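As a plain string of letters, each chain reads:
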Amino acid sequence: MIDVLIVGAGPNGLMLACELALAGVHPVVLERQPTPGGEPRANGLVGQVVRLLDRRGLYARLSGDGAPPSPQPAFTFGAFPLDLTMLADNPHYVLGVPQAQLEATLAARAAELGVDLRRGHEVVHLRQRPDAVEVDLADGTRLTALFLVGADGGRSVVRRIAGIEFPGVTNDRSVSRTATVTVPASFLDPETGGLLAPGYGIVPPFQHTRTPRGLIAWAPFPGRPALVSTTEWPDAASDETPMTLAELRASVARVLGVDLPLGAPDGPGLLRRLTGRNTRIAARYRAARVLLVGDAAHVHPAIGGPGLNLGLQDAANLGWKLAATVRGWAPPGLLDTYETERRPVAERVVMSTQAQSALIGPGEEITGLRALFAELLRKPEVTGHVAALMSGADVRYPADPADPLAGRSAPDLIVHGDRGAVRLAELTRTARPLLLDSTGTWAAVAAPWRDRVDVVTGPLEGTPATALLVRPDCFVAWSAGDADTLRAALTRHFGRPL
Ligand SMILES: Cc1cc2nc3c(=O)[nH]c(=O)nc-3n(C[C@H](O)[C@H](O)[C@H](O)COP(=O)(O)OP(=O)(O)OC[C@H]3O[C@@H](n4cnc5c(N)ncnc54)[C@H](O)[C@@H]3O)c2cc1C
């Protein structure tokens, strides 16, 4: 019997596979595509997920940079430029890698960890038994697993066959077009890197720009073809013929009022037209032995790029809890905290993307709303609130209100222990629960859990706490109290000592 079957080797299925393997459970991943690839999607990772990747040793592989990630000085929200330099504590990180590179890196890591990834295997049916899940593949094979996780994207077959509803809204009014392009040098602003549109002005890079007729974004990525995207709200439905560069060029001309000489880059390029927006959250993240993760659990507009921040942190939240359940030491109810903790995060992403969709929309009323919003964004507390929302830095899982750090992502602290000064991000690569103990007095309390919880002793720099219990997903389980509250937190998260 397989312990955990993961359906889908997209980024979230692969991340979950790595998390399970780190926790000592070796999943089988079934992916219907015979080879990696497919249509380009994400251009980058946005928010606290960048810190999570650092905490798994994946940030350096993706960025090619030995330095830890640092916050981004600027970003965009609802086609407003966000000046994040005004924040004393900027939580907004960005890692500009294409989704294909992320998936290749996660697949390589999964292989190192011994994950059994089977490409060219399509799941067509499943049946739940009291003790297991049976899965039928398109080639007639049947597999049986203790648990099955649907990481099979927004159109999840697993979700449908498990009988989980997917309520929400589909807005069919917008048409977004994206293409890889070349632009003559005379149409580029050497100072800002923006697009020079004669008669309109400069379209700044890596921002959304709203005009009375639509939205445009210009993304001159270093080392790869630049992208131009537009969004419009036409009266008539758009046609279903394949997108062309001429169609994008006409759309740019409508949005900016200027015809720009956009050309096609050498080699394979991207031409994409998306009609409408889908915003939905699964009615349940779990049906008995079937769970959902990533886009299978929630879909929303891609504006601001929150998808992977949400999905990869879902996977990190689920991984250790599912592994603990399979290995038999999970306390009662632990697996259900996956949904109680992560659903509110998805709801905030939905709120953020719907608010942004409204702010970029057409019409004089929206123009008025934007003028007010622009005034509000000059206040650091408003920009700070928006940055916390977009990055997910405001996430706090249910926890003891008297404990200021519990339920929050662990701070980027440094432990001065036997190995010298070590960043927390280096200690969390094993994904084992950690007790950081600056006084040497707490380690004895955690001793009965030593098979599950590692203890690191030494002064802590970067936090006022004298000790922290850090979960495998790098959220704080306990940071203040006495031996009894620490023991309670250990039991609540990691079960009774053996
Ligand atoms: C145009 C666009 C731009 C985006 N830009 C960004 C961005 O900049 N930043 C960001 O964070 N997010 C972005 N996103 C969102 C991001 O791409 C998704 O959130 C992400 O791909 C979800 O990953 P996943 O693993 O949950 O699902 P998917 O990536 O959809 O992977 C699902 C996998 O399951 C496989 N599968 C499906 N059914 C079966 C089956 N029956 N049997 C076996 N295998 C199956 C599929 O082949 C696929 O490989 C964007 C999305 C779009 C559409």
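For the structure, check the block above.
Below: a short report on this structure. (Residues numbered from 1 in each chain as written. Predicted model: local features only at pLDDT ≥ 70, side-chain atom pairs only at ≥ 80, totals over all residues. Heavy atoms only, no water.)

## Things to note about the sheet that holds strand E16 (residues 226-232)
And then number 1: In spatial order, the strands read E14-E15-E16-E11-E17-E20; together these 6 strands make up an open sheet with antiparallel pairing. Two strands bound the open sheet, and with one partner strand each, they are strand E14 (208-211) and strand E20 (298-299).
And then number 2: In the sheet, strand E15 (residues 214-219) pairs with E16 via 5 bridges, with the strands oriented antiparallel. Looking at the pairing, Ile216 lines up with Thr230 of E16.
And then number 3: Each of strand E11 (168-181), E14, strand E17 (271-281) and E20 is contacted by helix H8 (residues 337-359), which is oriented at about 130 degrees to E17, the strand it contacts most. (Pairing = 2+ DSSP bridges. Helix = DSSP H or I, 4+ residues; strand = E, 2+ residues; numbered from the N terminus. Contact = heavy atoms within 4.5 Å. Axes fitted to C-alpha atoms, helices over the stretch in contact; angles between N-to-C directions.)

## Let's talk about the site of the ligand
And then number 1: Neighbouring the ligand are 29 residues, the closest being Asn12, Glu31, Gln99, Asp295 and Leu308.
And then number 2: At 3.1 Å, a backbone N or O of Arg32 approaches a nitrogen atom of the ligand.
And then number 3: In the model, an oxygen atom of the ligand is placed 3.0 Å from a nitrogen or oxygen of the Arg41 side chain.
And then number 4: Listed by contribution, the elements that provide at least two residues to the shell around the ligand are helix H1 (11-22), strand E2 (28-31) and helix H7 (307-327).
And then number 5: A per-element tally of the shell around the ligand places H1 first, with 3 residues.
And then number 6: For the shell around the ligand, a count of residues per class yields 9 nonpolar, 13 polar and 7 charged. (Near = heavy atom within 4 Å. Polar contact = N/O pair within 3.5 Å; in protein donor to acceptor, adjacent residues only side chain to side chain. Nonpolar A, V, L, I, M, F, W, Y, C, P; charged D, E, K, R; others polar.)

## Describing the side chain of Arg56
And then number 1: You can see Arg56 is positioned in the loop between helix H2 (49-55) and helix H3 (58-63).
And then number 2: Arg56 sits in the buried class, given a relative accessible area of 4%.
And then number 3: At 2.8 Å, the side chain of Arg56 forms a polar contact with the side chain of Glu19.
And then number 4: When near neighbours in sequence (up to four residues on either side) are disregarded, Arg56 contacts Glu19, Leu22, Thr428, Arg429, Ala431, Pro472, Asp473 and Cys474. (Buried < 20%, exposed > 50% of the residue type's maximum accessible area, 1.4 Å probe, protein only.)

## A look at the pattern of salt bridges
And then number 1: Within this structure, the stated rule accounts for 32 salt bridges.
And then number 2: Between Arg127 and Asp136 there is a salt bridge; the shortest N-O distance is 3.3 Å.
And then number 3: Measuring nitrogen to oxygen at the nearest pair gives 3.0 Å for the salt bridge that ties Arg487 to Asp484. Of this pair, Arg487 and Asp484 both sit in helix H13 (residues 483-494), separated by 3 residues, roughly a single helical turn.
And then number 4: Beyond isolated ion pairs, a larger network of salt bridges with shared partners links Arg127, Arg129, Asp131, Glu134, Asp136 and Arg142. (Salt bridge = Lys/Arg side-chain N within 4 Å of Asp/Glu carboxyl O.)

## Section: the sheet that holds strand E26 (residues 467-470)
And then number 1: With mixed pairing, 4 strands are arranged side by side in an open sheet as E24-E23-E26-E27. Sheet topology places strand E24 (454-457) and strand E27 (476-478) at the edges, where each strand pairs with a single neighbour. On average, each strand axis in the sheet is inclined to that of its neighbour by 30 degrees, with strand direction left out of account.
And then number 2: Pairing analysis gives 2 bridges linking E26 to E27, with the strands arranged antiparallel. For Val470, the partnering residue across the bridge sits in E27 and is Val476.
And then number 3: Relative to the sheet, H13 contacts strand E23 (434-437), E26 and E27, its axis offset from that of E27 by approximately 135 degrees.

## Some details on unusual backbone geometry
And then number 1: Positioned with a positive phi, Phe206 is a non-glycine residue whose angle comes to about 55 degrees.
And then number 2: Within the fold, Phe206 resides in the loop between strand E13 (201-203) and E14.
And then number 3: Not every positive phi belongs to a glycine, and Ala288 is a case in point at roughly 55 degrees.
And then number 4: Within the secondary structure layout, Ala288 lies in the loop between strand E18 (286-287) and strand E19 (290-292).

## Description of the packing of H7 against H8
And then number 1: Here H7 crosses H8 at 175 degrees, and the two axes come no closer than 10 Å. Judged by the inter-axis angle, H7 sits roughly antiparallel to H8. Listed contacts from H8 to Asn309, Leu310, Gln313, Asp314, Asn317, Leu318 and Lys321 of H7 are Thr337, Tyr338, Glu341, Arg342, Val345, Ala346 and Val349.
And then number 2: Across the contact of H7 with H8, the residue classes break down as 6 nonpolar, 4 polar and 4 charged. (Parallel < 35°, antiparallel > 145°, perpendicular 65-115°, else oblique.)

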